[in-house]
Number of protein chains: 2
Amino acid sequence: MQMVFLGTSSAAPTIQRGLSSIAIMRDGELLLFDAGEGMQRNFIKAGLGMNRKMKVFVSHMHADHCVGLLGLLQTMALQGRERRLDVYGQPRLKEFLIENMRIINFGLTFDVAIHTIEQEGVVVEENDYRVLCCEAKHSVPSLSFKLEELDRPGVFDVERVKKMGIPQGELYSRLQHGQDIEYMGKAVRSRDVVGPSRPGRKIGISGDTRPTDKLAKFFSGCDILVFESTYAHDKLQKALETSHSTATEAATLAKQAGVKKLFLTHFSARYDETSQLVSEAKAIHDDVEAAEDLKVVEIPYPA
Amino acid sequence: MQMVFLGTSSAAPTIQRGLSSIAIMRDGELLLFDAGEGMQRNFIKAGLGMNRKMKVFVSHMHADHCVGLLGLLQTMALQGRERRLDVYGQPRLKEFLIENMRIINFGLTFDVAIHTIEQEGVVVEENDYRVLCCEAKHSVPSLSFKLEELDRPGVFDVERVKKMGIPQGELYSRLQHGQDIEYMGKAVRSRDVVGPSRPGRKIGISGDTRPTDKLAKFFSGCDILVFESTYAHDKLQKALETSHSTATEAATLAKQAGVKKLFLTHFSARYDETSQLVSEAKAIHDDVEAAEDLKVVEIPYPA
């Protein structure tokens, strides 16, 4: 699994930073979190591919988080995308997409399935992962997201099973899937030949928000948390006024949530470089890094 | 007067080129022709200023020509723009802006005046310039634009008038404005003390189109013509299919129209560099240049 930051600026783009968008590549599928205006340019630079299995999650209806979907649709259509595109967001996102698809001649070559998120909880449930959302606290209704892989089955001790003389095939499969079996009149317990299940990865993405206890709970135990830190803590008043967070607040929440690694993002245009924000966050949390446009992050399984 | 290319790619952006947008700075006012998605980034890079007197003209309702308006409105609002913004385009542009201003919370700090262009001819008439439009020929209704400065009065021969003993003041002004006067019983003709009027500058901007005789007439005598050349002429079939022009066609039209200088723009993403297109156009027209993102063009008065 890889994460690529496609835009890390808040509100307005800068020369270095595009508007909010995070791509997660997982098992051939692309999960996109927010699509700020112009994000398709970094999407193209990152070589992510326009005809991939893909889901897009939109945290809220500010232009710097949703307008990029229009250009992305246009370019996908020009490139003849055929797969359905699944988009998830608040009711206004549906309105935004439907009205613009009516007004602008996109010449869509593919279906766009717009899924309206009506409540907190599970947004997407697939075989091996799910995406959940939680109410954030911003100037307009806004959501935070969490990608959560299901635990993988434990390691199957093939050598031991072989030694028992059990033939490969259905019995193996039953043991691997947690069922106890009987072989040659002897009981064989799954848990004796299959190790403990291995945890999947959890990645949290805050969108635009103030820190809240609810979010700290939602992001509890994430391997990676990408949290907005629009301001350094000396601009706390600005953060309060605009319903954003400071780097200190992001780190405090990450620590409270027991998050392993914190990425700061969504930087105000006033910060040409982000060392001040990383420093103040590192005073609170051990593992902090600043997001940068086109930075690629490998996400290993937890040790 | 200066022209800055803010985006020179057709349809989809590339690593080097953003989506269509051309800025003309004239006497402190900014005239923007098209606003493809993400153009605000080059707008910021070019240092054009978010609170300037400004008019935006939109040629047609494809995403790569109009979606950038949304991000521009958002950033102008964030920067507290106070001046009214005047926008000109087809009826669908009005719908596009009104629907998006309803759905997205821009927090606008300024008025947006949306002017619907219902017919060809004069779109804007100011004291010293006007903007005209002409029907283009594209896959959807599309307009070409022309910025036309009014002729400036001729040079006033102050020395000669002084020698006649005429006192500075109202009589000077009348002579300068073409009126004949009588001074000390003697007739003084304006044309004897004021040189021939000096032509203003004319700049044509094609938008997306096939070449047509009507456009050749519309752009007749332009000092500068920015004409789309999505393809080289060996891709004429593609140009016909997509209602675009080739570099050869752009140059042929420019020559037919007696245009002084031709800029090619709106290049297909297949062209990493544009020498092929410039070469074939130069075989037809003497003065051809390829547009590039952030290229600044000084536009002198005609000699």
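In this text the structure is predicted, and so the values were computed from the model without any measurement.

K.L.:
Before we go on, may I ask you to explain the overall build of chain A in this structure?
P.N.:
In terms of regular secondary structure, chain A is built from eleven helices and 16 strands. Each principal axis of the C-alpha atoms in chain A carries an extent, and together these give about 70 × 50 × 35 Å. Looking at the 303 residues of chain A, the share that counts as buried comes to 57%. Across chain A, the fraction of contacts at a sequence separation of at least 24, relative to all contacts at a separation of at least 6, is 64%. Total accessible area on chain A is roughly 12900 Å²; 47% of this is exposed by carbon and sulfur atoms.

K.L.:
Where do I start with the sheet that holds strand β7 (residues 121-125) of chain B in this structure?
P.N.:
Remark on secondary structure: sheet strands pair via backbone hydrogen bonds, oriented parallel or antiparallel. Residues and elements named next belong to chain B. Across the sheet, seven strands lie side by side as β7-β8-β9-β12-β13-β14-β15; this open sheet has mixed pairing. Both outer strands of the open sheet, β7 and β15 (288-290), are each paired with one neighbouring strand and no more. On average, adjacent strands in this sheet sit at an angle of 20° to one another, irrespective of strand direction. Relative to strand β9 (residues 143-149), strand β8 (residues 129-135) runs antiparallel, the two being bridged by seven bridges. By the bridge assignment, Cys133 is partnered in β9 with Phe145.

K.L.:
Can you help me understand the domain arrangement of chain A in this one?
P.N.:
Size of an interface, as often reported, equals the accessible area lost when the parts are brought together. Here chain A is described as being made up of domain 1 (2-152 + 198-298) and domain 2 (158-193). Inter-centroid distance (C-alpha atoms) of domain 1 of chain A to domain 2 of chain A is 44 Å.

K.L.:
How should the packing of helix α10 (residues 247-256) of chain A against helix α11 (residues 275-282) of chain A be read in this particular structure?
P.N.:
Between two packed helices, what matters for the description is the angle formed by their axes and the separation of those axes. All names here are of chain A. Close contact between α10 and α11 brings their axes to 8 Å; oriented N to C, the two are set at 35°. The handedness of the crossing between α10 and α11 is right-handed. Counting all contacts with α10, which are made through Ala247, Thr248 and Ala251, the residues of α11 involved are Leu277, Glu280 and Ala281. Here the contact of α10 with α11 is composed, by residue class, of four nonpolar, one polar and one charged.

K.L.:
Is there a simple way to explain the interface of chain B and chain A in this structure?
P.N.:
Between chain B and chain A, the contact holds 39 residues from the first and 39 residues from the second. The tally of links from chain B across to chain A stands at two salt bridges. With its nearest N and O atoms 2.5 Å apart, the salt bridge here joins A:Arg102 to B:Glu95. Counting across the chain B and chain A interface gives 21 residue pairs in polar contact (both at pLDDT 80 or more). Counting residues per element, the ones that place at least two in the side of chain B that touches chain A are α1 (39-45), α2 (63-66), α3 (68-78) and α4 (91-103) of chain B. Top element by residues in the side of chain B that touches chain A is α4(B). It accounts for seven residues. When the residues that make up the side of chain B that touches chain A are grouped by side-chain class, the tally is 18 nonpolar, twelve polar and nine charged.

K.L.:
Is there a simple way to explain the side chain of A:Ser243 in this structure?
P.N.:
All names here are of chain A. Looking at the secondary structure, you find Ser243 in the loop between α9 (236-242) and α10. You can call Ser243 buried: its relative accessible area is 15%. If we ignore the near neighbours within four places in the chain, the residues touching Ser243 are Lys137, His138, Ser139, Thr209, Arg210 and Glu228.

K.L.:
Explain the relation of the copies chain B and chain A to me, please; I cannot follow it from the model alone.
P.N.:
Related by rotation about an axis and a shift along that axis, the two copies of the chain form a pair. Least-squares fitting of chain B to chain A yields an RMSD of 0.1 Å, with the transformation described by 0.0 Å of translation along the axis and a rotation of 180°. In the structure described here, the two chain copies are related by an operation that fits a two-fold rotation axis. Identified as the residue of chain B closest to the rotation axis by C-alpha distance is B:Gly38, at 2.2 Å. The overlap is high: 100% of the interface residues of chain B also sit at the interface in chain A, so the same surface is used on both sides.

K.L.:
Help me understand the nonpolar core, please; the structure alone is not making it clear to me.
P.N.:
When a protein is soluble and globular, its nonpolar side chains tend to lie buried together. Ranked by size, the top nonpolar core spans 70 residues in total, and within it A:Phe96 and B:Phe96 carry the most contacts. Apart from the residues within four sequence positions on either side, A:Phe96 is in contact with A:Met61, A:Cys66, A:Val67, A:Leu70, B:Asn100, B:Ile103 and B:Ile104.

K.L.:
Whenever I open this one, the sheet that holds strand β2 (residues 21-26) of chain A confuses me. Can you help?
P.N.:
All names here are of chain A. Spatially, seven strands are ordered β6-β5-β4-β3-β2-β1-β16 in an open sheet, and the strand pairing comes out mixed. The open sheet terminates on both sides in strands that have one partner only, identified here as β6 (112-116) and β16 (296-298). Averaged over all pairs of adjacent strands, the angle between strand axes in this sheet comes to 20°, irrespective of strand direction. Alignment of β2 against strand β3 (residues 29-33), held across five bridges, turns out to be antiparallel. From the neighbouring strand, Arg26 faces β3, where its bridge partner is Glu29. Contacts between helix α4 (residues 91-103) and the sheet are confined to β5 (85-89) and β6, with β6 contributing the most and set at about 155° to the helix.

K.L.:
Looking at this structure, I do not really get α11(A). What am I missing?
P.N.:
Owing to its 3.6 residues per turn, the α-helix brings residues three or four apart onto one side. All names here are of chain A. For α11, every residue scored as buried is listed here: Leu277, Val278, Glu280 and Ala281. Looking straight down α11, one finds that the buried residues subtend no more than 165° of arc, so they occupy a single side. In this structure, the buried residues of α11 make contact with α10, β14 (261-265) and β15 (288-290).

K.L.:
Can you help me understand unusual backbone geometry in this one?
P.N.:
Residues other than glycine predominantly adopt negative phi, and peptide bonds predominantly adopt the trans conformation. Residue and element names in this part refer to chain A. At Ala11, a residue that is not glycine, the phi angle is positive and equals roughly 65°. Tracing the chain through its elements places Ala11 in the loop between β1 (2-7) and β2. The exposure class of Ala11 is partly exposed, given its relative accessible area of 23%.

K.L.:
Please clarify how α4(B) should be interpreted in this entry.
P.N.:
A rise of 1.5 Å per residue sets the reference length of α4(B), with its 13 residues, at 18 Å; its end C-alpha atoms lie 19 Å apart and thus fit the reference within 8%. As for α4(B), its buried residues are in contact with α4 of chain A together with α2, α3, β5 (85-89) and β6 (112-116) of chain B.

K.L.:
What's the story with the pairing of β5(B) in this structure? I'm lost.
P.N.:
Regular strands show a simple pattern: their side chains alternate between the two faces of the sheet. Residues and elements named next belong to chain B. Of all five residues in β5, five are buried, a share of seventy percent or more. Pairing analysis gives three bridges linking strand β4 (residues 54-57) to β5, with the strands arranged parallel. Within the sheet, the bridge partner assigned to Phe57 lies in β5 and is Tyr88. By the bridge criterion, five bridges tie β5 to β6 in an arrangement that is parallel. Directly across from Gly89, in β6, lies its bridge partner Thr116.

K.L.:
Teacher, can you tell me more about the state of the cysteines here?
P.N.:
Disulfide: a covalent bond connecting the sulfur atoms of a pair of cysteines. One pass over the structure, following the stated rule, counts zero disulfides over all chains. Cysteine B:Cys133 is unpaired, with the sulfur of B:Cys134 as its nearest cysteine sulfur at 7.5 Å.

Reading the values: rules and limits
Residues numbered from 1 in each chain as written. Chains lettered and ligands numbered in written order. Predicted model: local features only at pLDDT ≥ 70, side-chain atom pairs only at ≥ 80, totals over all residues. Heavy atoms only, no water. Helix = DSSP H or I, 4+ residues; strand = E, 2+ residues; numbered from the N terminus. Buried < 20%, exposed > 50% of the residue type's maximum accessible area, 1.4 Å probe, protein only. Contact = heavy atoms within 4.5 Å. Areas by Shrake-Rupley, 256 points an atom, 1.4 Å probe, with all protein chains shown as cover. Pairing = 2+ DSSP bridges. Axes fitted to C-alpha atoms, helices over the stretch in contact; angles between N-to-C directions. Domains from an automatic or database assignment. Left-handed = near helix turned anticlockwise from the far one by under 90°. Nonpolar A, V, L, I, M, F, W, Y, C, P; charged D, E, K, R; others polar. Salt bridge = Lys/Arg side-chain N within 4 Å of Asp/Glu carboxyl O. Polar contact = N/O pair within 3.5 Å; in protein donor to acceptor, adjacent residues only side chain to side chain. Least-squares fit on C-alpha atoms with pLDDT ≥ 70 in both. Core = buried A, V, L, I, M, F, W, Y, C linked by side-chain atoms within 4.5 Å. Arc of directions from axis to C-beta. Expected span 1.5 Å × (residues − 1). Disulfide = S-S within 2.5 Å.

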